[in-house]
Amino acid sequence: KAHANGMKTVVYITSLEVNTIDGETLPNSMFKDHPDWVQRGFNGEPAVFYGTQEDWVDPGMESAWLSPDSGYRNYFLTRVQQLAGSGVDGIWIDVPIYYGITNTSWGGNEPGAATVFKQWSIDKGFSSSGYSTPTGINWDDPKFKAWIQWRHENLALFMEDVRTSIRAINPDILLIDEVFPVDNMDSTSTGLDQSWRINSDGHLTVWEVDSVSNALGMKWSTLEDFTNKITMYKYARGIDRNNPSWAFSYGNEELDAGLVMGAAVTTGVSPFEAKTPD
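Everything numeric here is computed off the predicted structure, so don't read it as measured data.

Novice: Help me understand the overall build of the protein in this model?
Specialist: For the protein, the count of helices and strands is seven helices and nine strands. Relative to a compact globule of 278 residues, whose C-alpha radius of gyration would be 19 Å, the protein shows 20 Å and is just as compact. Taking the principal axes of its C-alpha atoms as reference, the protein extends roughly 55 × 50 × 45 Å. Here the protein holds 278 residues, and the buried ones make up 48% of them. Considering only residue pairs separated by 6 or more positions, the protein has 71% of its internal contacts joining residues 24 or more positions apart.

Novice: Help me understand the pattern of salt bridges, please; the structure alone is not making it clear to me.
Specialist: Pairs can form between side chains of opposite charge once their charged atoms are near each other. A full pass over the atoms with the stated rule returns seven salt bridges. Residues Glu 160 and Arg 163 are paired through a salt bridge, measuring 2.9 Å at the closest nitrogen-oxygen approach. Of this pair, Glu 160 and Arg 163 both sit in helix α4 (residues 142-169), three residues apart, which is roughly one turn of the helix. This pair shows no difference in class: Glu 160 is buried, exactly as Arg 163 is. A salt bridge links Glu 253 to Lys 219, with the shortest nitrogen-to-oxygen separation between them at 3.5 Å. Remark: Lys 219 occurs in the loop between β7 (203-207) and α6 (223-240) and Glu 253 occurs in the loop between β8 (245-251) and α7 (254-266); sequence separation between them is 34 residues. Beyond isolated ion pairs, a larger network of salt bridges with shared partners links Asp 69, Arg 73 and Asp 161.

Novice: Just checking my understanding: could you explain the side chain of Asn 252 for this structure?
Specialist: Take Asn 252: it is sitting in the loop between β8 and α7. Beyond its immediate sequence surroundings of up to four residues, Asn 252 is in contact with Ala 215, Leu 216, Gly 217, Lys 275 and Thr 276.

Novice: Before we go on, may I ask you to explain the pairing of β7 in this structure?
Specialist: The side chains of a regular strand alternate, first on one face of the sheet and then on the other. Most of β7 sits out of view: five of its five residues are buried. Of the strand pairs in this sheet, strand β6 (residues 174-179) and β7 are connected by five bridges, and their pairing is parallel. Within β7, the residue paired with Glu 178 across the bridge is Val 206. Where β7 meets β8, two bridges bridge the pair, whose relative direction is parallel. In the sheet register, Trp 207 faces β8, and the bridge partner there is Ala 247.

Novice: Looking at this model, I keep getting lost on α4. Mind explaining?
Specialist: One turn of the α-helix equals 3.6 residues, which is why residues spaced by three or four share an orientation. Across its 28 residues, α4 extends 41 Å between first and last C-alpha, which sits within 8% of the 40 Å expected from 1.5 Å per residue. Capping the start of α4, Asp 141 holds a side-chain oxygen 3.0 Å from the backbone nitrogen of Lys 143, two or three residues further along.

Novice: Help me understand the sheet that holds strand β2 (residues 17-20), please; the structure alone is not making it clear to me.
Specialist: Within a sheet, each strand pairs with its neighbour through backbone hydrogen bonds, oriented either parallel or antiparallel. Read from one edge of the open sheet, three strands run β2-β4-β3, paired in antiparallel fashion. Both edges of this open sheet fall to β2 and β3 (48-50), since each of them pairs with a single strand only. For this sheet the average axis-to-axis angle between neighbouring strands, irrespective of direction, equals 15°. Across four bridges, the pairing between β2 and strand β4 (residues 62-65) is antiparallel. Residue Glu 17 lies in a different strand from β4, and its bridge partner there is Trp 65.

Novice: How do you make sense of the sheet that holds β6 when you look at a structure like this?
Specialist: With respect to topology, six strands assemble into an open sheet ordered β1-β5-β6-β7-β8-β9, the strand pairing being parallel. Taken across any chain shown, the strands that pair with only one partner, and hence form the sheet edges, are β1 (10-14) and β9 (269-275). Neighbour to neighbour, the strand axes of the sheet diverge by 25° on average, direction disregarded. Those strands touched by α4 are β5 (90-94), β6 and β7, and its axis lies near 155° from that of β6. Sheet contacts for α6: β7, β8 and β9; angle to β8, the most-contacted strand, approximately 165°.

Basis of the calculations
Residues numbered from 1 in each chain as written. Predicted model: local features only at pLDDT ≥ 70, side-chain atom pairs only at ≥ 80, totals over all residues. Heavy atoms only, no water. Helix = DSSP H or I, 4+ residues; strand = E, 2+ residues; numbered from the N terminus. Rg over C-alpha atoms; globule rule 2.2 N^0.38 Å. Buried < 20%, exposed > 50% of the residue type's maximum accessible area, 1.4 Å probe, protein only. Contact = heavy atoms within 4.5 Å. Salt bridge = Lys/Arg side-chain N within 4 Å of Asp/Glu carboxyl O. Pairing = 2+ DSSP bridges. Expected span 1.5 Å × (residues − 1). Polar contact = N/O pair within 3.5 Å; in protein donor to acceptor, adjacent residues only side chain to side chain. Axes fitted to C-alpha atoms, helices over the stretch in contact; angles between N-to-C directions.

Any functional reading would require information beyond the geometric quantities listed.
Set out below in structure tokens:
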């Protein structure tokens, strides 16, 4: 019906996160059925939680963050290929990241990841016998710094596999990533740095550029706050190069919403306007 009216259709899907309603009490959930698919942080703890740790996770709901180096990869690729064959024009993939349970517990230490990282470090010539995954943050350790680089490359390769998989079904379909790390340390901790994107052909980004408050948007912002927002939009525009840029234009009231949209348009970014989350 959308196509009959000259419109395009885009379907949204989470990437490495799977939510199970009432997963805390149900006998079956993604984590309970596939504990070997879940990302693991330092000391091996699984990237899974229940309830209200994040505002999009309801009480009793399970949020499991899956590893791209597990059986989940083929599971996910099969799913997006089915979507690509349905006739949609684009698939919007939400934040393909390594989820951090705490500040010192970053995903990418699960057994499948350890195997891939070890071989990657051999192929890169960093170690003849291969590096093991780190057990903590240590910027003086060459192994840790190599692991940081590998996480960027590994997530970029995962998304490239998604892109080629869906375009094998429909050569005209677009892959759209939602990306919240911009020019900040989140790209290091989550592994998601869009400058590592492998191929921009049919691969767009929606940049989730935050405001100073999830409740009041930019209402109480300073000139410096707006300078930072403009800088983030310019960063996004630079990363996208020949691709169009698309970014969240978060506002709360008429004045701040208009100024945010003006910042987006002035920097050449197409605004995706939304009411500030809370």
